[in-house]
Amino acid sequence: MNTYVVETRQLTKRYGDHAAVKNLSLSVERGEVFGFLGHNGAGKTTTIHMLTTLLKPTSGTALVCGKSVTDQSLEARRHIGYVPENVRLYDTMTARANLLFFARLSGVENPDRRIDETLDFLECRDLAPRLVGSFSKGLRQRIGLAQAILHRPDVLFLDEPTSGLDPMGIKTLRDLIVRLNREFGTTIFMNTHLISEISRTCTSIGVLNQGELVFRDTIEKVTERYGSESSLEELYLSVTPVQAKGAA
Ligand SMILES: Nc1ncnc2c1ncn2[C@@H]1O[C@H](COP(=O)(O)OP(=O)(O)OP(=O)(O)O)[C@@H](O)[C@H]1O
Ligand SMILES: [Mg+2]
């Protein structure tokens, strides 16, 4: 299979006169943990929505696992997992009932067994019989993650996965993402504002500024060139001048 899991060319999304994403040409290789940084409103969520087939691009092309994002068939979506910023679940149902619903929607075989395996992998089998409505943000997110990987996607998109989590929740999530990448070989595409998470979790980064890709490199090269985490922050501020001015 192609070594690129995500390949976009001149990908653009316009809302009226405003280009939320402009001529984005970005490739992410199989097996990468890619961190997508950018200020509020930079176009990160819009990009993920296009890559997960939820939003139609205005122009340009994007392939995810070799399939065009304009292909909304189950076969094309089979390769994709997605955890939105605010995970949507049915509060009046148990975690298992929620997962069964999604497993059936995505055509997972032996859904009960797959749910057990997935919850074991995420170290939260005890959540299965509990009502989702009683869950904290961290637990909801764990079930959102379970839902997104039930069908064992090749690539998992995560939108601000650490948003609203406490330090222990952030660490747990980080460990799970790394294990998912190592044990299942899942490629990770993660929007984030947390530079500390990028340096700990990611193998490569991209930075969006006002809808345009202004930086893309491997973490290894960035660390070689810029050194510590604080330098990564300086790098980020230098390539997003709008934010740098705003923060001053
Ligand atoms: N449905 C929409 N209609 C009009 N404009 C939109 C719509 N969705 C997003 N936008 C605009 O597109 C731009 C990019 O938004 P997007 O949500 O992708 O940014 P983001 O990088 O995810 O920001 P954040 O870090 O705050 O989540 C913003 O200017 C936003 O206001
Ligand atoms: Mg967003």
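Below you will find a few notes about this structure. Not measured: the values here are computed from a predicted model. (Residues numbered from 1 in each chain as written. Chains lettered and ligands numbered in written order. Predicted model: local features only at pLDDT ≥ 70, side-chain atom pairs only at ≥ 80, totals over all residues. Heavy atoms only, no water.)

Let us look at the site of ligand 1. For ligand 1, the set of nearby residues contains 13 residues, the closest of which are Gly41, Lys44, Thr45, Thr46 and His193. At a separation of 3.1 Å, an oxygen atom of ligand 1 approaches a polar side-chain atom of histidine 18. At 2.9 Å from an oxygen atom of ligand 1 is found a side-chain nitrogen or oxygen belonging to histidine 193. Considered on its own, ligand 1 offers 640 Å² of accessible surface; in the complex 60% of this is hidden by protein. For the shell around ligand 1, the secondary structure elements donating two or more residues are strand S2 (18-29) and helix H1 (44-51). Ranked by residues supplied to the shell around ligand 1, first place goes to H1 with three residues. (Near = heavy atom within 4 Å. Polar contact = N/O pair within 3.5 Å; in protein donor to acceptor, adjacent residues only side chain to side chain. Areas by Shrake-Rupley, 256 points an atom, 1.4 Å probe, with all protein chains shown as cover. Helix = DSSP H or I, 4+ residues; strand = E, 2+ residues; numbered from the N terminus.)

Turning next to the sheet that holds strand S3 (residues 33-38). Taking strand neighbours across the sheet as the criterion, the six strands line up as S6-S7-S8-S3-S9-S10 in an open arrangement whose pairing is mixed. Each of the sheet's edge strands pairs with one partner strand only, and the pair in question is strand S6 (80-83) and strand S10 (212-218). On average, adjacent strands in this sheet sit at an angle of 15° to one another, irrespective of strand direction. Bridge count for strand S7 (residues 155-159) against strand S8 (residues 187-191) is five bridges, and the pairing is parallel. Looking across to S8, one finds that leucine 158 is bridged to methionine 190. On the sheet, helix H5 (residues 137-149) packs against S6 and S7 and is oriented at approximately 165° with respect to S6. (Pairing = 2+ DSSP bridges. Axes fitted to C-alpha atoms, helices over the stretch in contact; angles between N-to-C directions. Contact = heavy atoms within 4.5 Å.)

For the rest of this paragraph, the subject is helix H6 (residues 167-184). If you check H6, its first and last C-alpha atoms are 25 Å apart, about what 18 residues at 1.5 Å a residue would give, namely 26 Å. By the burial criterion, the buried members of H6 are Ile170, Leu173, Arg174, Leu176, Ile177, Val178, Leu180 and Asn181. Contacts from the buried residues of H6 go to S3, helix H4 (111-121), H5, S7, S8 and helix H7 (195-201). The backbone nitrogen of methionine 168 has a side-chain oxygen 3.1 Å away, supplied by the residue at the start of H6, namely aspartate 166. The positive-phi residue at the C-terminal boundary of H6 is glycine 185, with phi of around 70°. (Expected span 1.5 Å × (residues − 1). Buried < 20%, exposed > 50% of the residue type's maximum accessible area, 1.4 Å probe, protein only.)

Attention now moves to the sheet that holds S2. Spatial strand order, S2-S1-S4-S5: four strands in an open sheet with antiparallel pairing. The open sheet is flanked by S2 and strand S5 (67-68), the only strands paired with a single partner. Across eight bridges, the pairing between strand S1 (residues 4-15) and S2 is antiparallel. Across the sheet, residue valine 6 finds its bridge partner in S2, namely valine 28.

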